[in-house]
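# An overview of the molecular structure
Here is what each chain is made of, one letter per residue.
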Amino acid sequence: MSGAASFLALAGRRIAASLLLLVGASFLIYFTIRSAPGDAVDAITPMGTPPEIKEKLAAEFGLDQGVLGGYGVWLSRSATGDFGESLVFAPGQTVMEVAGPAFEKTLLLSGGALFATVVLSILLALFLGEPSARQQGLTGALYFITSAPGFVSAVVFSAAVNAGVQRFVEQAGHETPAWYPIPIYSDSIVPYFFAGFVLVMGDGLLMDTFNAVRAEILGVRGAQFIAAVRARGASVTPHLWLNLAIPIFSAFVSRLPVVLGGVVIVEYVFTLDGAGYLLLEASKQRDFPVVVGLSVLFTLAVIVVGLLSDVARSVIDQREVARDG
Amino acid sequence: MSKRLLRVLSAFLLLTTLASSAAAQQVFRYPEDTRPSSLLPFFAEDMSAVRMCELIFDSLVVQNKRGDFEGGLAKSWTVDADQGGIKFVLREGVKWHDGEAFTAEDVVFTIQAAQDPKTLFNSKSKFNFIREVSAQGQYGVYVAFDRPVPEAEKRFLFKILPKHGFPDTAISRKDKFAREPLGTGPYKVKKGGYSLRSIALEANSDYWSTPKVSEVLMQHTPDKSAQINLLQYSGGKAGVQAVIFLPPKNIPLFENSDSVVLEPYHTVSWWYMAYNHENKALADKAVRQAMALAIDRQELLEAHLGRGDILSGPFTESSPFYNFQVEPTGLELERANQLLDGAGWTRKGDTRAKGKVKLDFEFVMDKELASNQALFLGIQAQLKKVGITVRPNYVDHAKYRDQVFTRRKFDLTLNIWSFEEVEDVYPLFHSKGVMNFIGYNNADVDTMLDTAKATKDYKKYKEQMKQLHAVLAQDLPYFFLWSLDIYSGISKKMKGVYIQPYYYFSSFPEWELSP
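Residues numbered from 1 in each chain as written. Chains lettered and ligands numbered in written order. Predicted model: local features only at pLDDT ≥ 70, side-chain atom pairs only at ≥ 80, totals over all residues. Heavy atoms only, no water.

## Quick notes on the overall build of chain A
Quick reminder of the rule: Strands are runs of DSSP state E lasting at least 2 residues, helices are runs of H or I lasting at least 4, and numbering of each runs from the N terminus. Per-residue accessibility, obtained with a 1.4 Å probe over protein chains only, is compared with the maximum for each type, and a residue is labelled buried under 20%, exposed over 50%, and partly exposed between these values. The contact rule is simple, with two residues in contact once any of their heavy atoms fall within 4.5 Å. Note on areas: Shrake-Rupley with a 1.4 Å probe; residue coverage comes only from the protein chains shown.
From N to C terminus, chain A includes 14 helices and zero strands. Starting at the N terminus, the α and β elements of chain A follow one another as α-α-α-α-α-α-α-α-α-α-α-α-α-α. Considering only C-alpha atoms, chain A reaches an extent of 85 × 70 × 30 Å along its principal axes. A buried classification covers 50% of the 325 residues belonging to chain A. Residue pairs in contact within chain A that sit at least 24 positions apart in sequence constitute 73% of those at least 6 positions apart. A total of about 14900 Å² of accessible surface is found on chain A, and carbon and sulfur atoms cover 68% of it.

## A look at the overall build of chain B
Using the following cut-off: Only C-alpha atoms enter the radius of gyration; for comparison, a globular chain is expected to reach 2.2 Å times N to the power 0.38, where N is the number of residues. Note on charges: Lys and Arg go in the positive column, Asp and Glu in the negative column, and His and the chain ends are not counted at all. Each charge is placed at NZ for Lys, CZ for Arg, CG for Asp and CD for Glu.
In terms of helices and strands, chain B carries 13 helices and 25 strands. Taken over the C-alpha trace, chain B has a radius of gyration of 26 Å; the compact-globule value for 515 residues is 24 Å, and the two agree within 12%. Out of the 515 residues belonging to chain B, those deemed buried represent 54%. Considering only intrachain contacts with a sequence separation of at least 6, the fraction spanning at least 24 residues in chain B is 66%. Here chain B displays about 22100 Å² of accessible surface, and carbon together with sulfur accounts for 49% of that area. Where the 64 positive side-chain charges of chain B centre and where its 62 negative ones centre are 5 Å apart.

## Re helix H11 (residues 237–269) of chain A
Keep this limit in mind: Consider a residue and the seven residues that end there alongside the seven that start there; fitting an axis to each set, the bend is the angle between those axes.
The axis of H11(A) is deflected most strongly, by about 40 degrees, at A:Leu256, and proline A:Pro257 appears within four residues downstream. Backbone geometry just downstream of H11(A) places A:Thr271 in the positive-phi region, at approximately 45 degrees.

## Some thoughts on the pairing of strand S1 (residues 28–32) of chain B
Residues and elements named next belong to chain B. Which entries qualify depends on this criterion: In this description, strands pair whenever DSSP reports at least two bridges between them.
Across the five residues that make up S1, a large majority, five, are buried. Of the two faces of S1, both are covered, the one formed by Phe 28, Tyr 30 and Glu 32 as well as the one formed by Arg 29 and Pro 31. Pairing geometry for S1 and strand S10 (residues 215–220), over five bridges, is parallel. Considered in S10, the bridge of Phe 28 is made with Val 216.

## Side note on the pairing of strand S16 (residues 351–354) of chain B
All names here are of chain B. Where strand S15 (residues 346–348) and S16 come together, three bridges link them in antiparallel fashion. If you follow Lys 348 over to S16, its bridge partner there is Thr 351. Taking the residues between adjacent antiparallel strands as the criterion, S15 and S16 are bridged by two residues, where Gly 349 takes a positive phi near 75 degrees. Connecting S16 to the antiparallel partner strand S17 (residues 357–358) that follows it, the hairpin turn spans two residues, and Gly 355 within it adopts a positive phi of roughly 65 degrees.

## Remarks on the interface of chain B and chain A
Formally: Each of two parts loses accessible area, computed with a 1.4 Å probe, when they are put together; buried area is these two losses added. By definition, a salt bridge exists where a carboxyl oxygen of Asp or Glu is found within 4 Å of a side-chain nitrogen of Lys or Arg.
In this complex, chain B contributes 52 residues to the contact, which on the side of chain A involves 58 residues. Buried area between chain B and chain A, both sides added, is near 4900 Å², and the carbon and sulfur share of it is 63%. Among the residues chain B hides against chain A, the three largest losses belong to B:Lys174, B:Leu196 and B:Arg197. Together they make up 15% of the total. Counting the contacts that link chain B with chain A gives two salt bridges. One salt bridge in this structure joins B:Lys174 and A:Glu85, with 3.2 Å as the shortest N-O distance.

## Structural notes on the packing of helix H5 (residues 95–128) of chain A against helix H8 (residues 190–201) of chain A
Each pair of packed helices can be described by the angle between their axes along with the distance between the axes. Residues and elements named next belong to chain A. We count it as follows: Axis definition: a line fitted to C-alpha atoms, over the contacting stretch in the case of helices. Angles run 0 to 180 degrees between N-to-C directions. In these notes the angle categories are as follows: under 35 degrees is roughly parallel, over 145 is roughly antiparallel, 65 to 115 is roughly perpendicular, and the rest is oblique. Left-handed describes a crossing whose near helix is turned anticlockwise from the far helix by less than a right angle; the clockwise case is right-handed. All amino acids are sorted into three groups, where Ala, Val, Leu, Ile, Met, Phe, Trp, Tyr, Cys and Pro are nonpolar, Asp, Glu, Lys and Arg are charged, and the leftover types, Gly among them, are polar.
Here H5 crosses H8 at 50 degrees, and the two axes come no closer than 9 Å. Judged by the inter-axis angle, H5 sits oblique to H8. The way H5 lies across H8 gives a crossing that is right-handed. Each of Lys 105, Leu 109, Ala 113, Ala 116, Thr 117 and Leu 120 in H5 lies in contact with H8, whose residues at this interface are Tyr 192, Ala 195, Gly 196, Leu 199 and Val 200. The residue inventory of the contact of H5 with H8, partitioned by class, reads eight nonpolar, two polar and one charged.

## A closer look at the environment of B:Val243
Residue and element names in this part refer to chain B. In this fold, Val 243 is placed in strand S11 (residues 242–243). The class of Val 243 is buried, set by a relative accessible area of 0%. Separated by 211 residues in sequence, Val 243 and Glu 32 have C-alpha atoms that sit 7.9 Å apart. Apart from the residues lying within four places of it in its own chain, the contact partners of Val 243 are Pro 31, Lys 224, Gln 227, Leu 231, Ser 488, Gly 489 and Tyr 504.

## Here's the deal with the sheet that holds strand S9 (residues 198–203) of chain B
Paired through backbone hydrogen bonds, the strands of a sheet run either parallel or antiparallel to each other. Residues and elements named next belong to chain B. With mixed pairing, the four strands of this open sheet are ordered in space as S1-S10-S9-S8. Both edges of this open sheet fall to S1 and strand S8 (187–194), since each of them pairs with a single strand only. On average, adjacent strands in this sheet sit at an angle of 25 degrees to one another, irrespective of strand direction. When S9 meets S10, the two strands line up antiparallel, connected through five bridges. Considered in S10, the bridge of Glu 202 is made with Glu 215. Helix H2 (residues 47–56) contacts S1, S8, S9 and S10 of the sheet and is inclined by roughly 20 degrees relative to S9.

## Regarding the side chain of B:Gln289
Mapped onto the fold, B:Gln289 is located in helix H6 (residues 285–294). Each residue touching B:Gln289, except ones within four places of it in the same chain, is listed here: B:Leu339, B:Gln474 and B:Leu476.

## Some remarks on the sheet that holds strand S23 (residues 486–491) of chain B
All names here are of chain B. Within the open sheet, the three strands sit side by side as S11-S23-S12. Their pairing is antiparallel. With one partner strand each, in any of the chains shown, S11 and strand S12 (260–265) form the two edges of the open sheet. One ladder, built from six bridges, connects S12 with S23; its direction is antiparallel. Bridging across to S23, Val 260 finds its partner in Ser 491.

## Topic: a nonpolar patch on the surface
Put simply, the test is: Like charges within 9 Å and nonpolar side chains (Val, Leu, Ile, Met, Phe, Trp, Tyr) within 5 Å are joined into patches, using only residues over 30% in relative accessible area that form no salt bridge.
Together, A:Phe151, A:Val152, A:Val156 and A:Ile265 line one region of the surface with nonpolar side chains, adding up to about 330 Å² of accessible area. Examining the composition of the nonpolar patch, we find that three residues originate from one element, helix H7 (residues 150–172) of chain A, more than from any other.

## Describing the nonpolar core
For the record, the criterion: Residues enter a nonpolar core if they are buried and are Ala, Val, Leu, Ile, Met, Phe, Trp, Tyr or Cys, with the set joined through side-chain atoms within 4.5 Å.
Membership of the largest hydrophobic core comes to 112 residues, with the highest contact counts inside it found for B:Phe156 and B:Met273. Those residues within four positions of B:Phe156 in sequence are excluded, and the remaining contacts are B:Ser59, B:Leu60, B:Val61, B:Ile86, B:Phe88, B:Phe129, B:Ile130, B:Val143 and B:Phe145. If you look at the next biggest cluster of nonpolar residues, it comprises 93 residues, including A:Phe83, A:Phe194, A:Val253 and A:Ala301.

## So, the packing of aromatic side chains
For clarity, the threshold we go by: Note on ring pairs: Phe, Tyr and Trp rings are taken, using the six-membered ring of Trp, and paired if centres are within 6.5 Å. Classes follow the plane angle, with under 30 degrees stacked, over 60 edge-to-face and the rest tilted. Charges are assigned to positions over rings by a cutoff of 6 Å between ring centre and Lys NZ or Arg CZ, combined with an angular limit of 35 degrees from the ring normal.
In total, this model carries 63 aromatic pairs over all chains according to the counting rule given. With centroids separated by 4.5 Å and ring planes inclined at 25 degrees, the aromatic side chains of B:Tyr207 and B:Trp208 adopt a geometry described as stacked. Here the aromatic residues B:Trp270, B:Tyr272, B:Tyr400, B:Phe405, B:Phe410, B:Trp417, B:Phe419, B:Phe429, B:Phe437, B:Tyr440, B:Tyr478 and B:Phe480 are joined through ring pairs into a cluster of three or more. The cationic tip of A:Arg34 hangs over the ring face of A:Phe288; the distance from NZ or CZ to the ring centre is 5.3 Å.

## Quick word on empty space enclosed by the protein
All names here are of chain A. Test applied: In the cavity and pocket records, a cavity denotes points on a 1 Å grid over the protein atoms alone where a 1.4 Å probe fits but cannot get out, a pocket denotes an open set with protein on both sides within 12 Å along at least 5 of 7 lines, and lining residues are residues with an atom within 4 Å of a point. Grid points are joined across faces, edges and corners, and a volume is the space filled by probe spheres set on the points.
Within this structure, the stated rule accounts for four cavities of 30 Å³ or more. Each pocket or cavity is described by its volume, and for the largest cavity that value is around 70 Å³. Contributions of two or more residues to the lining of the largest cavity are made by H8 and H11. If you tally residues by element for the lining of the largest cavity, the top one is H11, at four residues. Of the residues contributing to the lining of the largest cavity, the split by class is six nonpolar, three polar and one charged.

## Describing the confidence of the model for chain A
Counted only if it meets this: A score between 0 and 100, pLDDT records how confident the predictor is in each residue.
Residues at a pLDDT of 70 or more form 94% of chain A, whose mean pLDDT is 82. Across chain A, element-level confidence peaks in H5(A) with a mean pLDDT of 91 and bottoms out in helix H14 (residues 318–324) of chain A with 56.

## Some thoughts on unusual backbone geometry
All names here are of chain B. Backbone geometry places Gln 83, a non-glycine residue, at a positive phi of 60 degrees. Residue class for Gln 83 comes out partly exposed when judged on its relative accessible area of 30%. A positive phi angle, near 55 degrees, is found at Leu 476, a position not held by glycine. Mapping Leu 476 onto the fold places it in the loop between helix H13 (458–475) and strand S21 (478–480).

## Quick word on the environment of A:Ala215
All names here are of chain A. Its location among the elements puts Ala 215 in helix H9 (residues 205–221). Take Ala 215: its relative accessible area is 49%, and that puts it in the partly exposed class. For the pair Ala 215 and Glu 130, spaced 85 residues apart in sequence, the C-alpha separation works out to 9.2 Å.

Rendered as C-alpha cells:
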C-alpha cells in the first residue's frame, strides 16, 4: 500500500472510531440526564399546577417519549447539526444559538490557558535544564503554589485581587476599574485573563506539564542522533524541535480534558458567561437539550483535538502510518 | 507598597479602565440568584422574572405605598352593583415601547390569550373568573364575571400585553417575545441588552411618569456570597446598588455601614415543617404535637436565620386572618415525652417505637433553602431528646420538587409558602386542594374551607379564617414555624427607595441614583 493510501486508511479508521465514541458518549450523557430525578416540567411548574398542563408541557418538551425513543429522535436530528431547542434556560432558542457562543468562549479560554501552560513549561524547562539539588527550592515552591485545586486558587486569587485593588485605590486615589470587584459579570476581557491565569496555576497543571516537557527535552538533547548531528558540526536546533513537536503536542492534547473540566468551576467563580456557567445552570433547570448538546460539544472538542494529534503525528512520523497500516 | 509596584498597578488599572469605559455610566445594578425564566409575563415563574416584568410592563390596577389599589393603565373603574362585572376607563396617550398606541384591544387580547387553551402557563386559573371581555370604544373595557366577585379590582394586577406583538392568542413560552419584550412600563430592554447572564434596561422616555434612574442592569449572580461581595464594594464601578434579599447571617455586616442601608420589607411568606400524613406514625396527632413541643423554634430562628415572628397558624402576623388568641407553643420536653408515652410510643434504645413502627423519619431538604443544614442539625438534636430519629436527605431543587411535591416520597420536610396579595390556604389544607402534598384529610377543616370559599361577606370570611387558624394550630397538619423579617441591602446612593412587598420594583420609577 502506498504512503498516501495507508495514511487515508488510518485517518478513516480513526474517524470511524471517533464517531462511534461520540455516539456512545452521547447516549451515556442523554441516558444519565433523562434518568435523573426531576425534569424540565418539574423545574418550571409550581406545585398545584394542574396535571393536564404538566402533561401538555411534557409533550411540548418531548419528555413524553421514552429514553430510547427520545435518544433516537435526538440522534437523528443532531446528525444534521440540530441539537434541538432549549426548554427552560432560553425557551425558543436553539441549543446552538445558546451554547455556541458560550462554548466558543470556553474553548478559547481553555485553549489559551493550555497554550500558555505549554509555553511556560518549555521556557521553564529551558531555563532550569537538568534537575539539580540547587533547583529543589524553586521547583518545590512552584509545586506547592500550583498544586491547589482550581476552585481554591480561583477563590483565593479573586479575594487577593479585590483586597489589593481596594488598598491600591485608597493609597493612590485611582479610579476603580470596570471589572472590579471580582466576581462580576462585565464586558471587560480582564476577568478572562484572570481565569486563564488560575487555570494555568491551579490543579497542578503547570508543573505536571513542565515535568513532561522537561523529560522530553532532556531525552531528545541526550539522544544519539543529536550527538551525531553535533559531531557533523551542523545546527541541532531544527532536529531538536522537530523531534519535540509530537511529544509537546501530545502533552497539550492529553491535558485538554483536565482543563475543560476545571474551566467549569473557574467560570462559575469568575462569573464568566461561558459553557461552564451554562452547563451548571441548564443542569439545575433540567434543560436536557442544552446539557446534552453542551456535553457532546465538550466530548467532540476532545475527540477532534485527539484526532488532529493523530493526524499530525502521522504526517510528521511516517512510522506511525506503517505501524498502524 | 513599593513605588515601583504602585506604578505597575497604576498602569494596569488605567489600561483596563480605558478598555471598558462604557461601564462607567450611571447604572442601577442588582444581582439575581436565578436567571429570569421569561420576560413574557404569563411565563414569569420565578421572582427574578416577576421583578423584571414589573419594570417592563404595566397592569390595569396597581397597589400604592399605603396598600390601596389605584389606577395603572386604567384611569378609573366602576364595579356593577351585583358585583358581576367591571368597567375600566383606560389612560389615553400611552404608547408601547415600539411607539404603537395602547388601546382597549390590548386588554381584550391579554385576557383572551390567557384564556386560550393553547396558552399553557401556571397561573392560568387566575383568569377563570372572567366570563367575557369586550372593548367599549378605544379606551373602555368591560369584563363580565362568571359569579359575583367582591373587590374585583384586586384581580387586575396582571400585566397587559400588546396585541400587535403576537400573531394570535395562542402564546407559547418559546415565543421570541420572551427575550424581546414589548411593554408600556417605565423601562424597555436595551438594544442587544438581553444576554446569557444579564439583562440591560433603559428608561422609557414616553412613560407617563419619567423614571429617575436612566439604566438598570440585572446580573445573574447565583453565588450569594458573591452578591454580598459586590454590595460591599458598591463604590466600585461594577459593584451593585442593591441585593434583593440579604441572608440573615450577612445583616450584621451592613448594620453600621457607611455605604449600605438595610431596608426592611414585608413579604407574605411563612416557614413550615411538613408532616407526611401517609406515614403511619406521623398520622398520629400525638406524634405531631410532641414534635412541635420538642422543637425550640425561637432558638432555631435566632441561631440560623435572624429575626422574625414565631407563628401559631398558617398566616403571617400582619395578615387580617391571623388569630392572636392562639398562642404559639414553646419548648416543653416533659409534655412531649408524656404525649408520646400516653400514645404508646415507648423508648427502645435511642428511638421510640410502637410495635414494628418506629419514630424514625427521612427528612428531605431542598439544598437551595437558606441554612438548610444548620436547621436540620438543630431539629435533629432537639428531636433526639424525646426519642425521635430523623435522617437527612439533601437534594437539589428539581429533584426536591419531584420527590416531595410530585411523588410524595418523604416523611418530613422544611419549606416556605409565599403568597401574593391574597392568602388563600384552601389549596394547602383541603383534602382536594391542589397543593395538599402532605395527604392531609380532615373533614371538619374541609367543611370550614368550603364554607369560607362560598362566603361573600368579607367580615365573615375573616372570622372563618381565624377559626380555621385555631383548628389547624391544634391539629398540626404542618408545624408552623415563623415568618422572617426580610431585609434588602441598598446603596446609600439610592434615594426615594420604597420596596413593594412581593413585586419589589413597583415604585422603582421614583428611586433616584445620586452620583
